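Chains, contacts and geometry: an overview
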Amino acid sequence: GICNGETVSVIIVLMQEVTATSRHYVDRLFDPDPQKVLQGVIDMKNAVIGNNKQKANLIVLGAVPRLLYLLQQSSSSLELRTECSVVLGSLAMGTENNIKSLVDCHIIPALLQGLLCPDLIFIEACLRCLRTVFISPVTPVQLTSTIFDIPCLISKTQEYITQIFSHCCKVFTPEHQTVLFNHGAIQNIAPLLISPSYKVRMQALKCFSVLAYENTQVSMTLVNVLVDGELLSQVFVRMMQRDQPIEMQLTAAKCLTYMCRAGAIRTDDSCVVLKTLPCLVRMCSKEHLLEERVEGAETLAYLMEPDVELQRIASTTDHLVAMLADYFKYPSSVSAITDIKRLDHDLKHAHELRQAAFKLYASLGSNDEDIRKKITETENMMDRIVSGLSESSIKVRLAAVRCLHSLSRSVQQLRTSFHDHAVWKPLMKLLQNAPDEVLVMASSTLCNLLLEFSPSKEPILESGVIELLCSLTQSDSPALRVNGIWALMNMAFQADQKVKGEIVRCLGTEQLFRLLSDPDTNVLMKTLGLLRNLLSTRPHIDQIMSSHGKQIMQAVTLILEAEHSIEVKEQTLCILANIADGNTAKELIMTNDDMLQKIKYYMGHSNVKLQLAATFCISNLIWNEEDGSQERQDKLREMGFVDILHKLTQASDPNLSDRAKTAMQQYLA
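Please read all numbers here as calculations on a predicted model, not as lab measurements.

Let us now look at the overall build of the chain. When its secondary structure is counted, the chain shows 42 helices and two strands. Taken against the 2.2 N^0.38 rule, which gives 26 Å for 669 residues, the C-alpha radius of gyration of the chain at 35 Å runs more than 25% over that of a compact globule. Principal axes of the C-alpha set define a box for the chain whose edges measure 120 × 65 × 50 Å. Burial statistics for the chain: of 669 residues in total, 54% are counted as buried. The long-range fraction of contacts in the chain, counting pairs at least 24 apart against all pairs at least 6 apart in sequence, stands at 67%. For the chain, the accessible area works out to roughly 30700 Å², and carbon and sulfur atoms hold 53% of it.

Right, let's get into the UniProt feature "repeat: ARM" (unreviewed entry) in the chain. When the UniProt feature table is mapped onto this chain, "repeat: ARM" (unreviewed entry) is found at residues 62-98 and 507-549. Spanning residues 62-98, this segment combines 76% helix with 0% strand, and its end C-alpha atoms are found 12 Å apart. Secondary structure over residues 507-549 splits into 79% helix and 0% strand, and the C-alpha atoms at its two ends are 16 Å apart.

Bringing the pattern of salt bridges into the picture now. Overall, the coordinates contain 29 salt bridges when judged by the stated rule. We note a salt bridge from Glu230 to Arg238, for which the minimum N-O separation is 2.4 Å. Looking at Glu230, the relative accessible area reads 26%, which means it is partly exposed. Note that Lys635 and Asp593 form a salt bridge whose closest N and O atoms lie 2.9 Å from each other. Placement of Lys635 in helix α40 (residues 629-638) and of Asp593 in helix α38 (residues 593-603) is noted, with a sequence separation of 42 residues between them.

Between its first and last C-alpha, helix α5 (residues 78-92) extends 21 Å over 15 residues, near the 21 Å set by a 1.5 Å rise per residue. Among the residues of α5, those classed as buried are Leu80, Arg81, Thr82, Glu83, Cys84, Ser85, Val87, Leu88, Gly89, Ser90, Leu91 and Ala92. On its buried side, α5 packs onto α2 (34-48), α3 (52-60), α4 (63-72), α6 (96-104), α7 (107-114) and α8 (120-135).

What counts as what
- Position numbers for residues count from 1 along each chain, tracking the sequence in the order it is written.
- For this predicted model, a pLDDT threshold of at least 70 governs which residues receive local features, and a threshold of 80 or more governs which side-chain atom pairs are given and counted, while totals over whole chains, interfaces and linings are taken from all residues.
- Hydrogens and water molecules were not included; the side-chain quantities draw on all heavy atoms of the structure.
- Comment: elements are numbered from the N terminus, with helices defined as DSSP H or I runs of at least four residues and strands as E runs of at least two.
- The quantity called the radius of gyration is restricted to C-alpha atoms. Its globule counterpart is 2.2 Å times the number of residues to the power 0.38.
- Partly exposed residues are those whose accessible area sits between 20% and 50% of the maximum for their type, while under 20% is buried and over 50% is exposed, using a 1.4 Å probe and protein chains only.
- Should any heavy atoms of two residues lie within 4.5 Å, those residues are counted as being in contact.
- To measure how exposed things are, a 1.4 Å probe is used in the Shrake-Rupley method; for residues, cover is taken only from the protein chains shown.
- UniProt positions are given in the numbering used here, feature names are shortened, and annotations may be inferred rather than shown by experiment.
- Any carboxyl oxygen of Asp or Glu within 4 Å of a side-chain nitrogen of Lys or Arg constitutes a salt bridge here.
- To estimate the expected span of a helix, subtract one from its residue number and multiply by 1.5 Å.

Listed below in structure tokens is the structure:
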């Protein structure tokens, strides 16, 4: 935009103000008398403390390059160099722009160079400044790793170094992990685990927990690291002993958990089963602080998520299932918490306990029927989940629906507690306008509630769920499209004509065929499943094919001609076999020579599943007791199908040879 005169004059006035108050600080840095320079730096230090405006002014006036120059001059006194690094540290404590300016002036190499000086006070000042710069989100990842370029670190500086990392680690990405790994972070940090300083040991431990999280490369390396002749995993085991501080026990347990989940330690290894798991269960007991209980439960849930054996062991350790029930009664007795500040804090964060408990229940119950039973029989458990579904905290809602999903995998629970508590009602409400991650979990749960043996299926159908599910199939998220179509597929299974008609009407043929060409194989498979369920029982097959036959046959052709997996083609041939079972629908196949040639091709395919499905189609077309069967048999004989069937009666697969023999009998009858 064009700048008018008035704005210019305002800027000039501002600049004069800046110049007036700050210029003399910068000028004094250039004084030929070293004593005056030192006094100037000390005065500058006092002027900038807590004054962001002054900091910005000095940066604009070019103080940073001069301070860095003085810091690096061997002729500068140690006191002057130390005061320069203190001022730079103070400037770094300002805004993100300040840090950008400092990084652009190459402050990092200058400070790292300073660490080679033998004076401890100067080194600490440099490290404090480095820590501030490194912790900032605006400092590029690549620069963080330069800390390892320092050849030797004396013990006092170790705490700062490790602290810099565990701070940087708060916003860790796989990219950070790789950069640090390649710069030798593991070799550099490992010896710090046996430092005499607790703080240094703790910071080093935190670094490892962040480096190992979901990182196979790091975890596989950690397994073989020796610290003073002892394997790293054993060092972690020692750190989990009950006589160690809780923070250390928890962080060591996290390290082993992450290494286990990344595939570096087996789930049946004694350090997992006998040490890590019991340590995490211990953290869930009510004598621990709220955040320890939260972290313990969440880490334990993550540890055993994929492993049913660990889930079984945990469920019988220290009455864990009952212990988690306490997470919902928090704080139980106000008098037990004497510290008012603590009580206030815990009341604000009590929802985190509920979230952690739901997560852990979800993980515990994800595979084993007996554990699920144990969970649902825990006092008021279903009521707690139901109220969790409508809590204000999105994290609690997500965890509650995860828990519900885990329990909904049980036929027994679907028939009993889910029905008794009308769980479907709050679930439907949750589906109205939730963020995607909640929707994915909630719609997965709904898929299970719509299975044919679930008593909730009827009331859900009456609540207008079809429109909701049809709208999910239009989502950008493949997971939501899969769940929407999956739920419709479950709903269409053995459904009456009214429900099927409603699904076709609401989904619309256009959308149905769009889903049949979906790039996601799972979506395609579930859509074929839906189509197969819609095309079952003769009157339904004939009715749907009379109105949508041409499009359905076109879709089947496209799928059979394209590059698709065996599963997709098998499902498609099964749909064709259903069509062949209709009274009038069969004519759509019989009058389509191209389709008959395709069936012939698949009868001779190398895959038995496809041969079986194709033979099924022919079997349905030539079945004797039906109108016109003679003409159909004659046409198919002319096309060479009898010869193929004859050959298939000799097939090595017993199912296939039986199917072919049954079909041949139709010709003999």
